[in-house]
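Secondary and tertiary structure notes
Listed here are the chains, written in short residue letters.
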Amino acid sequence: MSRRVMTIALIAAIVIIIAGVYIAGAAMNDASADFSQKSLSPSWEHPFGTDLLGRDMLTRTIKGLSLSLFVGLTASGVSAIIALIIGVCAAFGRGVIDHFVNWLIDLTMGIPHTLLVILISIAAGRGWRGLLIGIIFTHWTGLARIIRGEVLQIRSNHYIAAARKFGRSGWWIMSRHIVPHMLPQFFIGLILMFPHAIMHESGLTFLGFGMPPEQPAIGIILSEAMRYLSSGMWWLAIFPGLALVIMVVLIDKLGECVKLLLDPVSAQE
Amino acid sequence: MSRKIKSISIYLVRVVTLLIAVSVICFALVSLSPIDPMLAYIQANPGVSEENIARMEEFWGVNDPPAERYLKWGSALLHGDFGVSKIFRRPVIEIIGTRFAATLALMLAAWIFSGVFGFAIGCLMGMFNGRPLDSVVKRICLIMCSVPTFWIGLVFLIVFSVWLGWFPFGMSVPVGVAPENVTILQRLRHLILPALTLSFLSFANVALHTREKLVEVLHSDYVLFAKARGESNLSVLRRHGLRNILIPAVTMQFSSFSELFGGSVIAENIFSYPGLGAAASAAGLQSDIPLLLGITLFSVVFVFAGNAIANALYVLIDPRTTEGGK
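Remember, it's a predicted structure, so these values are computed and weren't measured experimentally.

1. A closer look at the interface of chain B and chain A
Residue-level contacts link 47 residues of chain B with 42 residues of chain A. With both chains or domains summed, chain B and chain A bury close to 3,800 Å², and 80% of this area falls on carbon and sulfur atoms. By the criterion of area lost to chain A, the three top residues of chain B are Ser146, Phe150 and Trp151 of chain B, representing 16% of everything that side buries. In this structure, the connection of chain B to chain A is made through one salt bridge. Our count for the contact surface shared by chain B and chain A stands at six residue pairs in polar contact (both at pLDDT 80 or more). If you list the elements that add at least two residues to the side of chain B that touches chain A, you get helix H1 (2-32), helix H7 (149-163), helix H11 (257-270), helix H12 (276-285) and helix H13 (289-317) of chain B. With ten residues, the single largest contributor to the side of chain B that touches chain A is H1 of chain B. A class-by-class count of the residues in the side of chain B that touches chain A yields 34 nonpolar, twelve polar and one charged.

Next comes the structure, spelled out in structure tokens:
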């Protein structure tokens with residue numbers, strides 16, 4: 001089997017796992033409280049144990065992951081679109097616009113992300129909506145820089161100059177020649193942004209911004225678990241977090257595989 | 001020389017405009033908020049008379065237009081007055097002053113730890129490039145990059161505090177001991193776990209980055225030549241490797257202040273460490289606007305200082321970048 005086929009198989013497997021977790025979490029009923037099953041350590045019946053209210057931690061973890069995936073995908077998708085628009089505009093507009101965009105990127109990167117997301121989420125009135133907007137407006141900078149650089153490189157090609165000599169408008173060149181070239185970068189950037197978005201989401205939810213406490217988000221689960229650490233209920237914290245780490249590693253791997261496939265140098269190996 | 005002065009002054013102008021923009025944006029964000037600070041305050045402190053509410057509304061200028069409030073706040077800032085914190089009931093500048101010392105100790109410990117050990121591990125990986133040791137450690141580092149700070153903090157607490165009992169459960173000093181009786185050793189003991197947590201992410205970053213650079217250097221022609229002359233691996237690393245990879249590693253460490261600050265918010269919360277980060281999230285949760293704005297502005301200055309040092313180091317240390325600038 002060639003490396004190409006193996007990479008495609010790996011991508012398919014990861015996508016199936018992620019989609020499975022998402023659908024399972026969305027379809028599942030909330031873990032119900034059952035006081036006869038209170039604070040059980042992990043067993044075959046409850047692989048992740050149960051919490052103080054007797055809720056099955058495996059169910060809660062999958063629901064939380066599903067929520068994280070939704071927030072992460074939405075946030076990184078919108079953020080990547082912003083990055084694409086801003087990056088292309090900066091490189092295409094040159095001069096004043098370019099300077100302004102660079103300044104804007106410096107500005108966004110200068111404020112520690114955690115604080116900026118807190119500020120934006122307060123501005124948007126807290127809740128998951130505020131958190132989502134906060135993550136959207138803090139994660140576009142890196143990708144925008146990459147896209148700007150790529151566009152600058154493509155702009156200097158001869159076929160762009162030829163198109164211009166033929167009297168094509170700037171808009172035509174941008175939509176026909178430049179944006180299609182950016183799509184691979186765009187998708188790779190989006191996937192690689194995804195884990196960051198998830199980690200920021202759960203981190204801020206953990207601090208108490210974002211998801212309301214009755215939602216079984218991973219951040220909520222872990223901040224609840226923190227209160228019972230000293231009583232020795234380690235499974236409340238270890239397993240949900242481990243599941244999150246595995247998710248993040250999988251998505252990272254997905255991004256690398258897609259990169260390998262889309263890069264013409266490594267695609268046919 | 002005049003070129004240098006010109007580039008420095010351009011940089012300064014840029015920093016000042018960025019700072020002004022940060023203050024405008026932060027202020028705008030807070031003003032946009034549908035959360036009414038008066039309402040939040042009254043809910044938190046029931047039993048305030050109507051008369052006092054009116055007096056406080058006037059004192060805080062709640063009913064003035066935002067632009068006017070911004071100018072008032074901005075001119076007070078320039079005089080060094082950051083306002084009074086609502087939750088701590090002390091001037092913001094005082095809180096930042098006392099808490100920054102604690103946060104600085106934490107960040108410095110994490111920063112040095114991740115810098116020194118990350119660099120050492122990175123060198124080790126680079127030296128063993130392609131061999132089992134390298135691929136195992138590299139894989140561990142890649143996984144470390146995917147571990148959220150708040151979870152690893154919890155894991156450290158469970159393993160080292162609850163199970164092994166090596167370290168205390170949080171705070172920066174033992175409970176029930178007067179501040180003047182706390183020994184340095186006790187402080188250090190309380191610092192180790194939060195610092196480890198905070199350094200976790202950047203540690204892997206530094207190691208992977210260093211590895212990449214070292215591999216690049218080791219594949220160069222001058223290293224091949226040095227080996228042909230009979231230099232051992234260690235002396236190649238010492239003479240050719242270290243000098244080339246140290247600058248990017250150091251500048252990278254200085255430009256990571258932003259993540260360091262962001263991470264400290266989370267690490268301090270887990271270990272109930274009384275620093276700036278814990279204060280920032282408390283301020284955010286309880287709508288303590290003056291404190292939150294003060295800490296944000298302070299952190300931005302801190303981050304810009306780090307970036308400026310990184311830029312300056314590049315010019316100062318690397319002989320190639322100074323040559324053209326005479």
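2. Comments concerning the packing of aromatic side chains
Residue and element names in this part refer to chain B. Under the definition given, this model contains 14 aromatic pairs over all chains. Seen in terms of ring centroids, phenylalanine 257 and phenylalanine 302 are 4.8 Å apart; in terms of plane orientation they differ by 15°. Their pairing is stacked. Here the residue phenylalanine 257 occupies a position in helix H11, and phenylalanine 302 occupies one in helix H13, the gap between them amounting to 45 residues. The burial state of phenylalanine 257 is the same as that of phenylalanine 302; both residues are buried. The rings of Phe100, Trp111, Phe254, Phe257, Phe261, Phe298 and Phe302 are connected pair by pair, giving a single aromatic cluster.

3. Remarks on the environment of leucine 78 of chain B
Mapped onto the elements of the fold, leucine 78 of chain B is located in helix H4 (residues 66-78). A relative accessible area of 76% places leucine 78 of chain B in the exposed class.

The rules behind these values
Residues numbered from 1 in each chain as written. Chains lettered and ligands numbered in written order. Predicted model: local features only at pLDDT ≥ 70, side-chain atom pairs only at ≥ 80, totals over all residues. Heavy atoms only, no water. Contact = heavy atoms within 4.5 Å. Buried area = accessible area lost by both parts, 1.4 Å probe. Salt bridge = Lys/Arg side-chain N within 4 Å of Asp/Glu carboxyl O. Polar contact = N/O pair within 3.5 Å; in protein donor to acceptor, adjacent residues only side chain to side chain. Helix = DSSP H or I, 4+ residues; strand = E, 2+ residues; numbered from the N terminus. Nonpolar A, V, L, I, M, F, W, Y, C, P; charged D, E, K, R; others polar. Phe/Tyr/Trp six-rings, centres within 6.5 Å; stacked < 30°, edge-to-face > 60°. Buried < 20%, exposed > 50% of the residue type's maximum accessible area, 1.4 Å probe, protein only.

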